[in-house]
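The primary structure of each chain is shown beneath.
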Amino acid sequence: MIKLEVIIRPERLEELQHRLEEMGLTGMTVTEVRGAGRQAGYVERYRGLEYRVRLLPKLKVELVVPQGVVEEVIKTIRDACLTGEVGDGKIFITQLSDAVRIRTGERGNDAL
Ligand SMILES: Nc1ncnc2c1ncn2[C@@H]1O[C@H](COP(=O)(O)OP(=O)(O)OP(=O)(O)O)[C@@H](O)[C@H]1O
Ligand SMILES: [Mg+2]
């Protein structure tokens, strides 16, 4: 299993969730975060406004998916979240050792 931590523009969540659902992926955790990338301290646009603050509002979407669909998921994320402007976000990818569905005790991919 692979865990993806995806930092996106907040306004792209709806589109991302829709496209992931089309792939049959519904499980996710979304957290409101603030962050900076390469342009820290420089102007970035957010909802039509220019920001000069160091940390911009972003969403962190955590997804755990079977290894075999990772590249397809990455493509889906890019399709949903790419505007071409700085600040489109990032995907951090980690190998995950196991998962458990608490209700049933299922493990691994069955637990997703
Ligand atoms: N190296 C990093 N470590 C942790 N979080 C990061 C890192 N780089 C970016 N992020 C997170 O991703 C968000 C979006 O980053 P962003 O897309 O601006 O990256 P970038 O490297 O500056 O690319 P771009 O040049 O396209 O803007 C940041 O606000 C931050 O939350
Ligand atoms: Mg940036």
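The coordinates are above.
Quick summary incoming for the structure in this document.

How each quantity is defined
Residues numbered from 1 in each chain as written. Chains lettered and ligands numbered in written order. Predicted model: local features only at pLDDT ≥ 70, side-chain atom pairs only at ≥ 80, totals over all residues. Heavy atoms only, no water. Near = heavy atom within 4 Å. Polar contact = N/O pair within 3.5 Å; in protein donor to acceptor, adjacent residues only side chain to side chain. Areas by Shrake-Rupley, 256 points an atom, 1.4 Å probe, with all protein chains shown as cover. Nonpolar A, V, L, I, M, F, W, Y, C, P; charged D, E, K, R; others polar. Pairing = 2+ DSSP bridges. Helix = DSSP H or I, 4+ residues; strand = E, 2+ residues; numbered from the N terminus. Axes fitted to C-alpha atoms, helices over the stretch in contact; angles between N-to-C directions. Contact = heavy atoms within 4.5 Å. Buried < 20%, exposed > 50% of the residue type's maximum accessible area, 1.4 Å probe, protein only. Salt bridge = Lys/Arg side-chain N within 4 Å of Asp/Glu carboxyl O. Expected span 1.5 Å × (residues − 1). Arc of directions from axis to C-beta.

**Points about the site of ligand 1**
The environment of ligand 1 is made up of 13 residues, and the closest members are Arg38, Gln39, Gly87, Gly89 and Lys90. Gly35 places a main-chain nitrogen or oxygen 3.2 Å from an oxygen atom of ligand 1. Between ligand 1 and the protein, one listed contact pairs an oxygen atom with a side-chain N or O atom of Lys90 at 2.6 Å. Bound to the protein, ligand 1 loses 71% of the 610 Å² it would expose on its own. Looking at the shell around ligand 1 residue by residue, the class counts come to 4 nonpolar, 5 polar and 4 charged.

**Focus: the sheet that holds strand β1 (residues 2–8)**
Strand order in this open sheet of 4 strands is β2-β5-β1-β6, and the pairing throughout is antiparallel. In this open sheet, the two edge strands, each paired with only one partner strand, are β2 (29–35) and β6 (90–95). Direction aside, neighbouring strands of the sheet carry axes that sit 25° apart on average. Where β1 lies against β6, 6 bridges are found, and the strand directions are antiparallel. Within the sheet, the bridge partner assigned to Ile7 lies in β6 and is Lys90. Against the sheet, helix α2 (residues 70–81) touches β1, β5 (56–65) and β6, its axis set at about 10° to β1.

**Considering the environment of Leu112**
Secondary-structure assignment places Leu112 in the segment after β6. Of the residues examined, Leu112 reaches a relative accessible area of 38% and is grouped as partly exposed. When the C-alpha positions of Leu112 and Pro66 are compared, they lie 8.3 Å apart, and in sequence the two are 46 residues distant. Beyond its immediate stretch of four places on either side in the chain, Leu112 contacts Met1, Val64, Val65, Pro66, Ala99 and Arg101.

**Quick look at the pattern of salt bridges**
By the definition in use, this model includes 7 salt bridges. Among the ionic pairs, Glu62 bridges to Lys3, the shortest N-O distance being 3.1 Å. Note that Glu62 is positioned in strand β5 and Lys3 in strand β1, a separation of 59 residues in sequence. The partly exposed category is assigned to Lys3, whose relative accessible area is 22%.

**Section: α2**
Residues that lie three or four places apart on an α-helix share one face, since the helix turns once every 3.6 residues. In this model α2 runs 16 Å from its N-terminal to its C-terminal C-alpha over 12 residues, within 8% of the 16 Å that 1.5 Å per residue would give. Every buried residue of α2 is listed here: Val70, Val73, Ile74, Thr76, Ile77, Ala80 and Cys81. All buried residues of α2 lie within an arc of 160° about the axis, which places them on one face of the element. Exposed side chains of α2 directed beyond 90 degrees from the buried face belong to Glu71, Lys75 and Arg78. Where α2 is buried, its residues touch β1, α1 (13–22), β5 and β6.

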